Amino acid sequence: MENVSKNKKLLLLLCAVFVTSAVFAQVTNSKHDFQNAGWNASGEICIVCHTPHNSDATQPGAPLWNHGTTTSTFTLYNSPTLDVAPEQPQASTRLCLSCHDGTVAIDSFGGNTGSTFVSGSARLETDLSDDHPVGVKWEHQVDF
């Protein structure tokens, strides 16, 4: 029985290393790689969004969240061809919008309030009425 427990621990450790490596590889050299940004004094690639200590556990779907979170109310996409009414963004969508709505600075992490904001086409603002719909529950597609 003790071997089973050790094997489970080893499997969990390997999975954690694999997932961490895969996520790290997806961020490295992407537009979300802030390790060399002048405002990221630590140079850590994940610290802008995640931290192992003192994370914000109130954010659903946000493991070890370390970034400021938007409190905006969004103007949502709507169309007569849309079968369901969009709702205000939640969970991971709200986390993405925490930088991309332009109300929270990119460098607002670790309890600090920053001053560097997303710009250009990456800055969506709070009017999402002309963007791809977010906050839509797609249960109606189960029948397909």
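As the structure is a prediction and not an experimental result, all values here were calculated from the model.

### Observations regarding helix α2 (residues 91-100)
- Listed in full, the buried residues belonging to α2 are Arg94, Leu95, Leu97, Ser98 and Cys99.
- One or two positions beyond α2, positive phi appears at glycine 102, with a value near 80 degrees.

### Thoughts on the nonpolar core
- If you look at the biggest cluster of nonpolar residues, it comprises seven residues: Phe34, Ile47, Val48, Cys99, Ile106, Phe109 and Val118.
- The residues touching cysteine 99, leaving out its near neighbours within four places in the chain, are His67, Val104, Ile106 and Val118.

### Overview of the pattern of salt bridges
- In this structure the tally under the stated criterion is one salt bridge.
- Its salt-bridge partner being glutamate 125, residue arginine 123 comes within 2.9 Å of it at the nearest N-O pair.
- A relative accessible area of 31% places arginine 123 in the partly exposed class.

### Notes on the confidence of the model for the protein chain
- With 78% of its residues at a pLDDT of 70 or more, the protein chain shows a mean pLDDT of 79.
- Low pLDDT (under 50) marks residues 7-24, which in the prediction has one contact with non-local residues, meaning those over four places away or in another chain.

Parameters at a glance
- Residues numbered from 1 in each chain as written.
- Predicted model: local features only at pLDDT ≥ 70, side-chain atom pairs only at ≥ 80, totals over all residues.
- Heavy atoms only, no water.
- Buried < 20%, exposed > 50% of the residue type's maximum accessible area, 1.4 Å probe, protein only.
- Helix = DSSP H or I, 4+ residues; strand = E, 2+ residues; numbered from the N terminus.
- Core = buried A, V, L, I, M, F, W, Y, C linked by side-chain atoms within 4.5 Å.
- Contact = heavy atoms within 4.5 Å.
- Salt bridge = Lys/Arg side-chain N within 4 Å of Asp/Glu carboxyl O.
- pLDDT = per-residue confidence, 0-100.

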